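What follows is each chain in one-letter form.
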Amino acid sequence: MKKLIAFSITCILSFQFVLSQEIPSKDWQIKTALMAVPQDYKDGAKVYGYNSAGEFTTLKEGNNDYIALASDPKRDRFSTAAYHKELESFMARGRELRKQGKDGKEIFDIREEEVKSGKLKMPDKATLCVFTGTVNEETKEIENPYVRYVFYIPFATGESTGLPTTPTPPGHAWLMNPGTHRAHIMITPPKD
């Protein structure tokens, strides 16, 4: 029995050690999360990321209008995001539903209902920036950086904005999810 307990403890500690090796340092997460934040807001942005156990947590408190998200270490691709603080209730609700095991469609439908009923606050306009790239495994620097922009305008339509509602060539704006709580203008700059 003692051998089984010792073996179990060794396995748990080994698993925790391996997991902690996959979580980037707090400083690296903050540095790379801030790459998604517009220059005017970098210094005072709040940053969420992951602790050594892989749990979502606040890495840096903020004092301005922006919140940045570090790249999720469980995902293969590097991607950070930053959004206006008015979107926090909306984003937090999505994280909560995802943690409950809900899929993308379920999250969309639940938030749609909650925004329409007034239970979930959604600002009449807000910005999200998504920053992607490739992590150089040796230097840990981000290569091939790319930013795309999302401007939320809940319940906007093609008719109310004059924008197309189907994807357009890079650099052109279009309205995604028209007529819903998640209607947003997408701007995807051309890649070099």
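Here, the structure is the one placed above.
These numbers were taken from a predicted model, which means no experiment stands behind them. (Residues numbered from 1 in each chain as written. Predicted model: local features only at pLDDT ≥ 70, side-chain atom pairs only at ≥ 80, totals over all residues. Heavy atoms only, no water.)

Some thoughts on helix α3 (residues 88–99)
With 12 residues, α3 extends 16 Å from end C-alpha to end C-alpha; this agrees with the ideal 16 Å at 1.5 Å per step. Of the residues making up α3, those classed as buried are E88, F90, M91, R93, G94 and L97. Buried positions along α3 lie against β1 (46–50), β3 (66–69), β4 (78–84), α4 (104–117), β5 (126–135) and β6 (142–152). Looking at the residues trailing α3, positive phi occurs at G101, about 95°. (Helix = DSSP H or I, 4+ residues; strand = E, 2+ residues; numbered from the N terminus. Expected span 1.5 Å × (residues − 1). Buried < 20%, exposed > 50% of the residue type's maximum accessible area, 1.4 Å probe, protein only. Contact = heavy atoms within 4.5 Å.)

Some details on helix α2 (residues 26–33)
For an α-helix the count is 3.6 residues per turn, leaving residues at separations of three or four pointing the same way. Considered for burial, the residues of α2 that qualify are W28, Q29, I30, T32 and A33. Residues of α2 that are buried sit in contact with β1, β2 (56–60), β3, β4, β5 and β6.

Some thoughts on the packing of aromatic side chains
Within this structure, the stated rule accounts for six aromatic pairs. For the pair F90 and Y152, a centre-to-centre distance of 5.7 Å together with 65° between the ring planes defines the contact as edge-to-face. Remark: Y152 occurs in strand β6 and F90 occurs in helix α3; sequence separation between them is 62 residues. Y152 matches F90 in its accessibility class, with the two residues each being buried. Through successive ring pairs, a cluster of aromatic residues spans W28, F78 and F131. Directly above the aromatic system of Y146 lies the positively charged group of K191, at a separation of 4.8 Å from the ring centroid. (Phe/Tyr/Trp six-rings, centres within 6.5 Å; stacked < 30°, edge-to-face > 60°. Lys NZ or Arg CZ within 6 Å of the ring centre and 35° of its normal.)

Here's the deal with the environment of T58
Note on placement: T58 falls in strand β2. Counting along the chain gives 11 residues from T58 to L69, while the straight-line C-alpha distance between them is 9.4 Å. Not counting chain neighbours up to four residues away, the residues in contact with T58 comprise K46, V47 and Y48.

Observations concerning unusual backbone geometry
Of note in this structure, K140 is not a glycine but carries a positive phi near 65°. Examined against the element boundaries, K140 turns out to sit in the loop between β5 and β6. The phi angle at N177 is positive, at roughly 55°, despite the residue not being glycine. The topology assignment puts N177 in the loop between β7 (173–176) and β8 (184–187). By relative accessible area, N177 is classed as partly exposed at 21%.

Quick word on the pattern of salt bridges
What the rule picks out here adds up to 14 salt bridges. Measuring nitrogen to oxygen at the nearest pair gives 3.5 Å for the salt bridge that ties K125 to D124. For the residue pair K125 and D124, the accessibility class agrees, reading exposed in each case. Each of R93, E96, E114 and K119 takes part in a single network of salt bridges with overlapping partners. (Salt bridge = Lys/Arg side-chain N within 4 Å of Asp/Glu carboxyl O.)

A few points about the pairing of β3
Regular strands show a simple pattern: their side chains alternate between the two faces of the sheet. Residues Y66 and A68 point to one face of β3 and I67 and L69 to the other, with burial holding for every one of them. Where β3 lies against β4, four bridges are found, and the strand directions are antiparallel. The residue of β4 that forms the bridge with A68 is A82. (Pairing = 2+ DSSP bridges.)

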